[in-house]
Amino acid sequence: LPWVYIAFFALVLIMCINKSTVVDIVGKVLTPVLFIGLFVLIVIGIINPIGDISTPPRTESIFADGIEAGYQSMDVLAAIVFGVLIINAAEKKGYSDQKKRFGVVFAAGLVAGVGLLIVYFGLAYLGATASGLHNMHILRTELLTDIVLRIFPGRSGLVFFGVIAGFACLSTAVALTGSAAEYLSEITHKKIDYKIFVIAVCAFSAVVSVLGVDRLVALATPILSVVYPPVLVAVVLSYVGKSAGKWTYRLTGYTAMLFGLYDAVSSFGLRIGFIDSLPLSRIGLSWLLPTIAAFFVGFSVDRIIKHKSLI
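Residues numbered from 1 in each chain as written. Predicted model: local features only at pLDDT ≥ 70, side-chain atom pairs only at ≥ 80, totals over all residues. Heavy atoms only, no water.

A. Here's a closer look at the overall build of the protein chain. Helix and strand counts for the protein chain stand at 12 helices and zero strands. The order of helices and strands in the protein chain, counted from the N terminus, is α-α-α-α-α-α-α-α-α-α-α-α. For the protein chain, the proportion of its 311 residues judged to be buried stands at 30%. Intrachain contacts of the protein chain at a sequence separation of at least 6 include 74% that bridge at least 24 residues. Of the roughly 19100 Å² of accessible surface on the protein chain, a fraction of 73% belongs to carbon and sulfur atoms. (Helix = DSSP H or I, 4+ residues; strand = E, 2+ residues; numbered from the N terminus. Buried < 20%, exposed > 50% of the residue type's maximum accessible area, 1.4 Å probe, protein only. Contact = heavy atoms within 4.5 Å. Areas by Shrake-Rupley, 256 points an atom, 1.4 Å probe, with all protein chains shown as cover.)

Below is the structure:
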């Protein structure tokens, strides 16, 4: 119902309007409740399995489906956005020294990584135990609802599922809204106030949310196919640091984005033979080997340019 979406994003607006409290709300209230709820669900699902794990697998493209689901989770994109929010929050908490700030951010990342590992492995197991009970065409929301209700039958299950889903959506919405509003305010050099962007993001999200989860995922999948490869490249290259010059970043990033664009348009029926014949293309990673090749070309160009500048 429309009023539910309006009420939800009104609550997000209230929680985000004061940017100094966003991290505290997410870290001290929303995430702990969500994690405890999921942990209880997973433990009970392990003690009393829903069913036997279906063998052989119900799909022939497990890895490709996993890559696509990973794209749709948007964890890497969220991590980059949340990372900026966490760093800014650490500075505001008094960690002005770079070494101390790195320590607290590293600890936060470690805790988050372990938590996600527990949750994802646990949910994957629950999904596996329910795999023999449904066909491959069941909607995500229907599958999750069925899993929860099999573990917690009756009204208690509905309430439990509502709490988990509510806190999952709320924690993500609050963090993303706060991060996006702060970023947009920064790139406008704060000519447009943070609060204005919070209101705009919440209003836009309330309108778009009426499409429903599965339609939003279907709409987002081609976009994520284009965005994710260069984002993953940027994450990997961040470990290379200053040794990677501009040509390394440009050639690697543009190559990943170009092949990601092909993956997006190919879902609409446009196919190019030589790309489809590339290694790993069947599992949704046609961009990987060309991107690695582009990295070495870009890195070599940067070495040559640097060498000439020293002569």
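B. Structural detail: the packing of aromatic side chains. Taken as a whole and assessed by the stated rule, the structure comprises six aromatic pairs. Arranged with centres 5.0 Å apart and planes meeting at 90°, the rings of F8 and F9 form a pair that is edge-to-face. Judged by relative accessible area, F9 falls into the buried class, the value being 13%. The interplanar angle of 25° and the centroid separation of 5.8 Å between the aromatic rings of F295 and F299 together place this pair among those described as stacked. With a gap of four residues between them, F295 and F299 both fall in helix α12 (residues 288–310), about one helical turn apart. Using a relative accessible area of 25% as the deciding quantity, one classes F299 as partly exposed. Ring pairing ties together the aromatic residues F295, F296 and F299, which thus form one cluster. When the ring centre of W247 is taken as reference, the NZ or CZ atom of R250 above it lies at 5.7 Å. The side chain of R303 reaches across the aromatic face of F299, ending 4.9 Å from its centre. (Phe/Tyr/Trp six-rings, centres within 6.5 Å; stacked < 30°, edge-to-face > 60°. Lys NZ or Arg CZ within 6 Å of the ring centre and 35° of its normal.)

C. Inspection of helix α10 (residues 246–266) at higher detail. The terminal C-alpha atoms of α10 lie 30 Å apart, and with 21 residues this matches the ideal 30 Å at 1.5 Å per residue to within 8%. Taken together, the buried positions of α10 are occupied by T248, T252, G253, T255, A256, F259, G260, Y262, D263, A264 and S266. (Expected span 1.5 Å × (residues − 1).)

D. Structural view of the packing of helix α6 (residues 140–151) against helix α7 (residues 155–187). For the pair α6 and α7, the least separation of the axes is 8 Å and the interaxial angle reads 130°. In terms of axis orientation, α6 runs oblique to α7. For α6 against α7, the interelement crossing comes out right-handed. From α6, L144, T145, V148 and L149 reach across to α7, where they touch G157, L158, F160 and F161. (Axes fitted to C-alpha atoms, helices over the stretch in contact; angles between N-to-C directions. Parallel < 35°, antiparallel > 145°, perpendicular 65-115°, else oblique. Left-handed = near helix turned anticlockwise from the far one by under 90°.)

E. Representation of the packing of helix α1 (residues 2–16) against α7 in the model. Direction vectors running N to C along α1 and α7 enclose 50°, while the axes themselves pass 9 Å from each other. When the interaxial angle is binned, α1 and α7 end up oblique. Crossing of α1 over α7 shows right-handed handedness. Within the contact between the two elements, α1 uses F8, L11, V12, M15 and C16 and α7 uses G166, C169, L170, A173, V174, T177 and G178.

F. Inspection of a nonpolar patch on the surface at higher detail. Residues F39, V43, I47, F102, F106, L110, V114 and I118 make up a contiguous nonpolar surface patch of about 780 Å² in total accessible area. Those elements giving two or more residues to the nonpolar patch turn out to be α2 (22–47) and α5 (98–129). (Patch = residues over 30% accessible without salt bridge, like charges linked within 9 Å, V, L, I, M, F, W, Y side chains within 5 Å. Salt bridge = Lys/Arg side-chain N within 4 Å of Asp/Glu carboxyl O.)

G. A look at the side chain of E182. Looking at the element boundaries, E182 is found in helix α7. Judged by its relative accessible area of 9%, E182 falls in the buried class. Sequence-distant contacts of E182, defined by excluding residues within four places in its chain, comprise L85, N88, K92 and Y194.

H. Inspection of the nonpolar core at higher detail. V12, L30 and V174 are the most contacted members of the largest nonpolar core, which has 19 residues in total. Broken down by secondary-structure element, the contributors of at least two residues to this core are α1, α2, α7 and α8 (194–208). Look past the residues within four positions of V12 in its chain and what remains in contact with it is L170, A173, V174, T177 and C202. L38, L41, I42 and I147 belong to the second largest nonpolar core, which has 15 residues in total. (Core = buried A, V, L, I, M, F, W, Y, C linked by side-chain atoms within 4.5 Å.)

I. Here's a closer look at the state of the cysteines. What the rule picks out here adds up to zero disulfides. Counting only cysteine sulfurs, C202 is the nearest neighbor of C16, a cysteine outside any disulfide, at a range of 5.9 Å. Exposure remark for C202: the relative accessible area of 5% places this residue in the buried category. (Disulfide = S-S within 2.5 Å.)

J. Quick peek at the confidence of the model for the protein chain. Confidence in the prediction of the protein chain, expressed as mean pLDDT, is 80, and 87% of residues score 70 or more. Of all secondary-structure elements in the protein chain, the lowest mean pLDDT belongs to helix α3 (residues 62–73), at 66, while α8 reaches the highest, 89. (pLDDT = per-residue confidence, 0-100.)

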